[in-house]
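Inside the fold
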Amino acid sequence: MDYLGKYKSAVAARSTSAEVLRCSQDGGIVTSMFLYALEEGIIDGAIVAGQGEKPWQPKPIVATTPEEILSSRGTRYNVCPNMSVLKESVRKYGLDKVGIVGTPCQIQALRKAQLYPVGLRDVCDKIALAMGIFCMENFSYQSMTQIVQDHCNVDLHSLKKTDIGKGKYWAYTNRGAVSQIPLKLTHKYEQPGCHVCLDYVANLADISTGSVGSPDGWSTVFIRNNNGENIWNKAVAAGIFETKPIESVKPGLELVTKLATEKITKNQKELEHRATFGVNKGLRNPYI
Ligand SMILES: Cc1cc2nc3c(=O)[nH]c(=O)nc-3n(C[C@H](O)[C@H](O)[C@H](O)COP(=O)(O)OP(=O)(O)OC[C@H]3O[C@@H](n4cnc5c(N)ncnc54)[C@H](O)[C@@H]3O)c2cc1C
Ligand code: SF4
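Conventions adopted
Per-chain numbering applies: the sequence of each chain, read as written, is numbered from 1 onward. Ligands are numbered from 1 and chains lettered from A, in the order in which they are written. Per-residue local features are limited, in this predicted model, to residues with pLDDT of at least 70; the limit for side-chain atom pairs, both in listing and counting, is 80 or more; totals at the level of whole chains, interfaces and linings are taken over all residues. Hydrogen atoms and water are omitted, and side-chain values are computed over all heavy atoms in the structure. Here a residue is near a molecule or strand as soon as one of its heavy atoms is found within 4 Å of it. As a working rule, the residues Ala, Val, Leu, Ile, Met, Phe, Trp, Tyr, Cys and Pro are called nonpolar, Asp, Glu, Lys and Arg charged, and the rest polar, with Gly in that last group. What makes a nonpolar core is a set of buried Ala, Val, Leu, Ile, Met, Phe, Trp, Tyr and Cys residues whose side-chain atoms join them at distances within 4.5 Å. Exposure classes here rest on a 1.4 Å probe applied to the protein chains alone. A residue is buried below 20% of its type maximum, exposed above 50%, and partly exposed in between. Runs of H or I in DSSP of at least four residues are treated as helices and runs of E of at least two as strands, each being numbered from the N terminus. Two residues qualify as a contact provided that any one of their heavy atoms is within 4.5 Å of a heavy atom in the partner residue. An automatic or database domain assignment supplies the residue ranges for each domain. The term buried area means the drop in 1.4 Å probe accessible area that two parts suffer when joined, counted for both and summed. Any carboxyl oxygen of Asp or Glu within 4 Å of a side-chain nitrogen of Lys or Arg constitutes a salt bridge here. Throughout this description, a polar contact denotes any pair of N or O atoms lying within 3.5 Å of each other; where both atoms belong to protein, one of them has to be capable of donating a hydrogen while the other can accept it, and for residues adjacent in sequence the pair is counted only when both atoms sit in side chains.

As a structural note, the neighbourhood of ligand 2 is formed by Pro-104, Cys-105, Cys-135, Met-136, Glu-137, Asn-138, Cys-194, Cys-197 and Lys-263. Split by residue class, the shell around ligand 2 holds six nonpolar, one polar and two charged.

This is the structure we're talking about:
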């Protein structure tokens, strides 16, 4: 099993922009890349997670200005169906070169749409840059609210950042307080659909990134295909990112591989379990 997917190179990296780093989740790779690509005309807009109606509820938006991209920084640990505005990005916003960020399942949906463009004629050929983010699991809005308010005892209005790392769910407030709870308390809130997911590091993206493997404030980045490599090399040459060989940072790819293996092995077992779920019948397996 290929736990990390195909890639041309892997590095530890972070944005060289202090403004981007101020509110980004990790090394600001996604935001800096979209800002650079927009300025260079590589994309003419990007589908990102904007602000929804409720606090900490993301909403997919088609960002066509640097301000919109900047204001969508940071991870919201609840579902944001970014693919839902793909058609709109081309048909309503008139984009010819679309950037999109997504979790591994969203990048899978994107590639499936490109291969089988049912209802998406003249849309999928407009994808210019697919940025994938690592993902162990996700939560519904209601679950995220319960984790933050009931378990971490933090009001959503005073929440500055949430993070999952080092076996814990972290909630940081605007006034500097930090709450953390062990991940074993959050398991029951996970989306059941995530338990059959076999991709941790967005194997099908042009470039994928996450925090695991690199020190705080830095990101682990996989440059996966020719398109990703072309754009990444230009951005690095333009001074958008600071990079280090992944072999020179701790814990490096060893931890990424360990977590990817754990996720995929656990979820493969769940698929096997679902195959014999009923009496003489099982639940559908989407992979066969
Ligand atoms: C549900 C979820 C689970 C994750 N699990 C892991 C993990 O197990 N290990 C790991 O290393 N990294 C994980 N990540 C990725 C990590 O939290 C960062 O998103 C990633 O490192 C990018 O950081 P950055 O500083 O480059 O991004 P930024 O520059 O801060 O940009 C983040 C981008 O992600 C978009 N975004 C925010 N929330 C969502 C969402 N819910 N759905 C889709 N897009 C969104 C934003 O609009 C923005 O464009 C997870 C992310 C999500 C959304
Ligand atoms: S665990 Fe898989 S299915 Fe769930 S949000 Fe992450 S990528 Fe999607």
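A few words on the nonpolar core. Ranked by size, the top nonpolar core spans 30 residues in total, and within it Met-33, Phe-34, Ile-43, Leu-129, Met-131, Val-221 and Trp-232 carry the most contacts. Going through the elements one at a time, strand E1 (9-15), helix H2 (29-40), strand E2 (45-51), strand E3 (58-63), helix H3 (66-70), strand E5 (127-133), strand E10 (219-223) and helix H7 (226-237) are the ones with two or more residues in this core. Discounting residues that sit within four places of it in the chain, Trp-232 has contacts with Val-11, Ala-13, Ile-29, Met-33, Ile-207, Val-221, Ile-223, Phe-241 and Thr-243.

On to the domain arrangement of the protein, then. What the domain assignment reports for the protein is domain 1 (9-138 + 197-276) and domain 2 (140-189). Using C-alpha coordinates to define each centre, domain 1 is positioned 23 Å away from domain 2. Of the residues lining the interface, 11 residues belong to domain 1; the matching set on domain 2 comes to 13 residues. Summing the contributions of domain 1 and of domain 2, the shared interface buries around 1,200 Å²; its carbon and sulfur component is 51%. Where Lys-166 meets Asp-216, a salt bridge forms, and the shortest distance between an N and an O atom there is 3.3 Å. On the surface where domain 1 and domain 2 come into contact, there are nine residue pairs in polar contact (both at pLDDT 80 or more).

Turning our eyes to something else, we now look at unusual backbone geometry. Backbone torsion omega between Lys-250 and Pro-251 reads 0°, so that peptide bond is classified as cis. On the secondary structure map, Pro-251 appears in the loop between strand E11 (241-245) and helix H8 (253-275). You will see that Ala-202, though not glycine, has its phi angle at about 50°, which is positive. When you line up the elements, Ala-202 lands in the loop between strand E8 (178-182) and strand E9 (207-210). We classify Ala-202 as buried; its relative accessible area is 0%.

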